[in-house]
Amino acid sequence: MTSPETDIPIAIDGDRLWATLEASAQIGSIPPSGLARLALSASDRQMRDLFVSWCREAGLAVRVDRIGNIFARRAGRGGDVAPVMIGSHLDTQVHGGRFDGILGVLAALEVVRALNDADVHTSRPVDIVCWTDEEGARFRRSMLGSSVFTGELELTQALLLTDDDGVTVGDALTEIGYVGEAGVPGPPPHAYLELHIEQNSILDESDVDVGIVDSSYPTYILAVHFEGRTAHAGPTPMAKRHDALTGAARAIVAIDEITRRHGPEAKSSTSSIRVWPNRPAIVSSSVDLRCNICHPDDHVLDGIKREIERAVEAAAAASNVTGHVVPAARFGDAGFDSRVVAALDAAAATAGIPSMRIAAQAGHDAFAIARIAPTAMVFCPCRDGISHHPDEDVDYARVLPSIAVLARAAVAVADGPELG
Ligand SMILES: [Zn+2]
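Just so you know, these numbers come straight off a predicted model, no measurement behind them. (Residues numbered from 1 in each chain as written. Predicted model: local features only at pLDDT ≥ 70, side-chain atom pairs only at ≥ 80, totals over all residues. Heavy atoms only, no water.)

Colleague: For this particular structure, what's the right way to read the overall build of the protein chain?
Modeller: On a plain count of helices and strands, the protein chain comes out with 11 helices and 14 strands. For 420 residues, the compact-globule estimate of 2.2 N^0.38 gives 22 Å, and the C-alpha radius of gyration of the protein chain, at 23 Å, lies within 12% of that figure. Viewed in the frame of its principal axes, the protein chain has a C-alpha envelope of about 80 × 45 × 45 Å. Split into buried and exposed, the 420 residues of the protein chain put 56% on the buried side. (Helix = DSSP H or I, 4+ residues; strand = E, 2+ residues; numbered from the N terminus. Rg over C-alpha atoms; globule rule 2.2 N^0.38 Å. Buried < 20%, exposed > 50% of the residue type's maximum accessible area, 1.4 Å probe, protein only.)

Now the structure itself:
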């Protein structure tokens, strides 16, 4: 691993990075500062095309896989061996910001441009990756591309997911021209590193600019379903109604109250609701909710989940409907690789950049990749911790140190021993 005596003078060019970020922020923009760049949309295609052109200008070989993940390779001295992969995602939420995911991809591009400038050639290749549809904002399945890459989600299943207009992932991928040749699941990289804005205010409120992510909050995505019976919303006596929407409303409030009782480390939100028939003058017969819950202690998290299950039953009973909870996803249990974390620590020390250990509290592609390859993340501060909102912002000067750490760690891991 790199030591202070062997530090490589990799110069991150802040102006070049900001110009790249500014150009990316024009695509799918919500004036004055936000982005709505949904996965596999026309604006996603425009962003991908621009990113690919930047990669080609940097001398990288671009490859796309069957789910549209983009890999841009900087060749290594040691031939076509497993690469060090660095990246994130270019898609956004429906009402999102300019940095969530995007900064990770464009920081990786800046790392490669800086390696080119410094004429540094690593032993293993360095691949920049842009994962398809991390947010799940359009097809309601987050970490889509990275989960197909690892084999956790079957390609055929992923391609059949639909958006609210009934368009499938497969058709949308074809439409934007990003059905690639590379097979999935893909070959595990030597290691994976991802830089991301923190999406919380721990770093922003501290005087440390670099968060080295060594752990994460276990998280459930719960699918909650209520089943009732349609009826006329006017004359039907209250005692004879089986109103699924009322059951869901009781449950939404209960989930919030349960979470608050478990203190500030417990977090939850019911973030999506689908109601049928969702029309005037008819009692709703079915409702689907999606709810995130997380807590750093998995025993506490499981306890919260059990309380929610009981509360859903009680809410359903009070509304004369049935209700049940199914965990749709669970992530954040796999800790990050201690050797990759150590490489980040060493990189920060080498560059003389203060850093702190921090836990990830949101889902990231890195969680998917951690299942198949040694993985760790670097966080940089974002203003007031605001994210998934057009006001998402960063102090540019406070972002550069994390990219300097990412660059040094990527080189150290690319030149380091087998991680096995
Ligand atoms: Zn993200």
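This is not the end of the story, as more comes after the structure.
Colleague: Would you mind showing me how to read the sheet that holds strand 10 (residues 267-276) here?
Modeller: Hydrogen bonds between backbone groups are what pair the strands of a sheet, and the pairing can be parallel or antiparallel. Taken in spatial order, the four strands make up an open sheet running 10-11-9-12, and their pairing is antiparallel. With one partner strand each, in any of the chains shown, strand 10 and strand 12 (322-331) form the two edges of the open sheet. The mean angle between the axes of side-by-side strands here comes to 20°, regardless of whether they run parallel or antiparallel. Sitting on the sheet, helix 7 (residues 244-261) is in contact with strand 9 (219-227), strand 10 and strand 11 (286-294), with an inclination near 175° to strand 10. On top of the sheet, helix 8 (residues 298-318) reaches strand 9, strand 11 and strand 12; it is set at about 155° to strand 12, its chief contact. (Pairing = 2+ DSSP bridges. Axes fitted to C-alpha atoms, helices over the stretch in contact; angles between N-to-C directions. Contact = heavy atoms within 4.5 Å.)

Colleague: Before we go on, may I ask you to explain the coordination of the zinc ion in this structure?
Modeller: Tetrahedral coordination by four donors places them ideally at 109.5 degrees to one another around the metal; octahedral coordination by six donors ideally gives 90 or 180 degrees. Ligation of the zinc ion by protein atoms is provided by His89 (NE2), Asp100 (OD) and His196 (NE2), these donors lying 2.0 to 2.2 Å from the ion. On the basis of relative accessibility, which here comes to 4%, the residue Asp100 falls in the buried class. Classification of His196 by relative accessible area gives buried; the value is 1%. (Donors = N, O, S within 2.8 Å, 3.2 Å for Na, K, Ca; no water.)

Colleague: Even after reading the chapter, I still don't get helix 8, so can you show me in this structure?
Modeller: Helix length check: helix 8, at 21 residues, gives a terminal C-alpha distance of 30 Å against a target of 30 Å (1.5 Å per residue), a fit within 8%. Looking at helix 8, one finds that the buried residues are Leu301, Gly303, Ile304, Lys305, Ile308, Ala311, Val312, Ala315 and Ala316. Elements that come into contact with the buried residues of helix 8 comprise strand 9, helix 7, strand 11 and strand 12. Two or three places before His299, at the opening of helix 8, Asp297 has a side-chain oxygen 2.7 Å from that residue's backbone nitrogen. Positive backbone phi, approximately 60°, marks Asn320, located one or two places after helix 8. (Expected span 1.5 Å × (residues − 1). Polar contact = N/O pair within 3.5 Å; in protein donor to acceptor, adjacent residues only side chain to side chain.)

Colleague: So what exactly am I meant to see when it comes to the nonpolar core here?
Modeller: Here is a general trend for soluble globular proteins: nonpolar side chains tend to be buried in one another's company. Ranked by size, the top nonpolar core spans 102 residues in total, and within it Phe51, Ile67, Ile86, Leu106, Ile128, Leu193 and Phe336 carry the most contacts. Setting aside residues no more than four positions away along its own chain, Ile86 makes contact with Ala108, Val111, Val126, Asp127, Ile128, Val129, Tyr192, Leu193, Leu406 and Ala410. Counting 25 residues, the second-largest nonpolar core is a separate cluster that includes Tyr220, Leu289, Val312 and Ala316. (Core = buried A, V, L, I, M, F, W, Y, C linked by side-chain atoms within 4.5 Å.)

Colleague: Just checking my understanding: could you explain the packing of helix 1 (residues 14-24) against helix 3 (residues 102-118) for this structure?
Modeller: Geometrically, a packed helix pair is captured by the angle between its two axes and the distance between the axes. Packing of helix 1 against helix 3 brings their axes to within 10 Å, and their N-to-C directions diverge by 145°. The way helix 1 lies across helix 3 gives a crossing that is right-handed. In this structure, helix 1 contributes Arg16, Leu17, Thr20, Leu21 and Ser24 to the contact, and helix 3 contributes Ile102, Leu103, Leu106, Ala107, Leu109, Glu110, Arg113, Ala114 and Asp117. Grouping the constituent residues of the contact of helix 1 with helix 3 by class yields eight nonpolar, two polar and four charged. (Left-handed = near helix turned anticlockwise from the far one by under 90°. Nonpolar A, V, L, I, M, F, W, Y, C, P; charged D, E, K, R; others polar.)

Colleague: Is there a simple way to think about the pattern of salt bridges in this case?
Modeller: For side chains bearing opposite charge, pairing can occur when the charged atoms are close. Enumeration over the complete set of coordinates arrives at 22 salt bridges. The salt bridge partner of Arg357 is Asp214, with a shortest N-O separation of 3.0 Å. Residue Arg357 is located in strand 13 (residues 355-360), and its partner Asp214 is located in strand 8 (residues 210-216); the two are separated by 143 residues in the primary sequence. The network of salt bridges with shared partners includes Arg16, Glu110 and Asp117. (Salt bridge = Lys/Arg side-chain N within 4 Å of Asp/Glu carboxyl O.)

Colleague: How should I be thinking about the side chain of Ser88 in this particular structure?
Modeller: Relative to the helices and strands, Ser88 is located in strand 5 (residues 84-89). A polar atom in the side chain of Ser88 sits 3.5 Å from the backbone oxygen of Gly101.

Colleague: What am I meant to see in the side chain of Asp65 here?
Modeller: Tracing the chain through its elements places Asp65 in the loop between strand 3 (61-64) and strand 4 (70-74). Of the side chains bearing the opposite charge, Arg63 lies closest to the buried Asp65, which forms no salt bridge; the N-O distance is 7.0 Å. Separated by 3.0 Å, the side chain of Asp65 and the backbone nitrogen of Ile67 make a polar contact. With sequence-adjacent residues up to four places away left out, Asp65 is seen in contact with Phe71, Phe149, Tyr178, Val179, Gly180, Ala182, Gly183 and Val184. (Lys, Arg positive; Asp, Glu negative; His and termini not counted.)

Colleague: Help me understand the packing of helix 2 (residues 42-57) against helix 3, please; the structure alone is not making it clear to me.
Modeller: The contact between helix 2 and helix 3 brings their axes to 10 Å, and the two run at 15°. Classified by the angle their axes make, helix 2 and helix 3 are roughly parallel. For helix 2 against helix 3, the interelement crossing comes out left-handed. Taken together, the residues of helix 3 that come into contact with helix 2 (itself represented by Phe51, Trp54 and Cys55) are Val105, Leu106, Leu109 and Arg113. When the residues that make up the contact of helix 2 with helix 3 are grouped by side-chain class, the tally is six nonpolar, no polar and one charged. (Parallel < 35°, antiparallel > 145°, perpendicular 65-115°, else oblique.)

Colleague: Even after reading the chapter, I still don't get the environment of Asp44, so can you show me in this structure?
Modeller: Structurally, Asp44 can be placed in helix 2. Note on Asp44: relative accessible area 2%, which makes it buried. Along the primary structure Asp44 and Leu90 are separated by 46 residues, whereas in three dimensions their C-alpha atoms are 7.5 Å apart. For Asp44, the residues in contact, after removing those within four places along its chain, are Arg37, Leu38 and Ala39. A polar side-chain atom of Asp44 sits 2.6 Å from the main-chain amide nitrogen of Leu40.

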